[in-house]
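The lines below spell out each chain.
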Amino acid sequence: QVRLVESGGGLVQAGGSLTLSCTVSGSIFEINTMGWYRQAPGKQRELVAAIARGDSTNYADSVKGRFTISRDNANNTVYLQMNSLKPEDTAVYYCNANIRRTSWIKSYDYWGQGTQVTVSS
């Protein structure tokens, strides 16, 4: 059983900061790319940021320069530092990880349960 548990969401005023974290637990052989997605009401889920095992990163244009993704491989944890938050950042944020559970099977994407981020104007 693989679980992704997120924490760190909440309510913040515009211009404020929040840090999300997501820890992977369970029987794991290796974790490849980890990332954060978000889904606002009435909109499709979108990629916010992703980080590969070699620490290369990818950001949505809307968050470049404001958000920073990082990972702690020893603790199977990914973080999203969010600064200069805007009301349009309001969404449910989901953690995603591409995980191989054993060396002889392919990897699959796993998702967290989501954490609400609300930015007030």
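Attention here is on the structure that accompanies the text. (Residues numbered from 1 in each chain as written. Predicted model: local features only at pLDDT ≥ 70, side-chain atom pairs only at ≥ 80, totals over all residues. Heavy atoms only, no water.)

**Regarding the pattern of salt bridges**
This model, assessed by the stated rule, comprises six salt bridges. Measuring nitrogen to oxygen at the nearest pair gives 3.1 Å for the salt bridge that ties Glu30 to Arg53. Of the two residues, Glu30 is situated in strand E4 (residues 30–39) and Arg53 in the loop between strand E5 (46–51) and strand E6 (57–59); the sequence distance between them amounts to 23 residues. On the basis of relative accessible area, Arg53 is assigned to the partly exposed category, the value being 49%. Several salt bridges share partner residues, and in doing so they unite Arg38, Glu46, Arg66 and Asp89 into one network. (Salt bridge = Lys/Arg side-chain N within 4 Å of Asp/Glu carboxyl O. Helix = DSSP H or I, 4+ residues; strand = E, 2+ residues; numbered from the N terminus. Buried < 20%, exposed > 50% of the residue type's maximum accessible area, 1.4 Å probe, protein only.)

**Section: the packing of aromatic side chains**
Inspection of every chain in the model, using the stated rule, returns one aromatic pair. The ring of Tyr94 carries the charged tip of Arg45 above its face, separated from the ring centre by 3.8 Å. Over the aromatic face of Trp111 sits the side chain of Arg45, whose NZ or CZ is 4.7 Å from the ring centroid. (Phe/Tyr/Trp six-rings, centres within 6.5 Å; stacked < 30°, edge-to-face > 60°. Lys NZ or Arg CZ within 6 Å of the ring centre and 35° of its normal.)

**Some words on the state of the cysteines**
Within this structure, the stated rule accounts for one disulfide. Here Cys22 connects covalently by a disulfide to Cys95, the sulfurs 2.1 Å from one another. The S-S bond linking Cys22 to Cys95 shows a torsion near -80°; that makes this disulfide left-handed. Taken together, the residues span a long stretch of sequence, with Cys22 in strand E3 (residues 18–26) and Cys95 in strand E9 (residues 91–100) at a distance of 73 residues. A residue is classified by how much of its surface remains accessible, and Cys22, at 0% relative accessible area, is buried. (Disulfide = S-S within 2.5 Å.)

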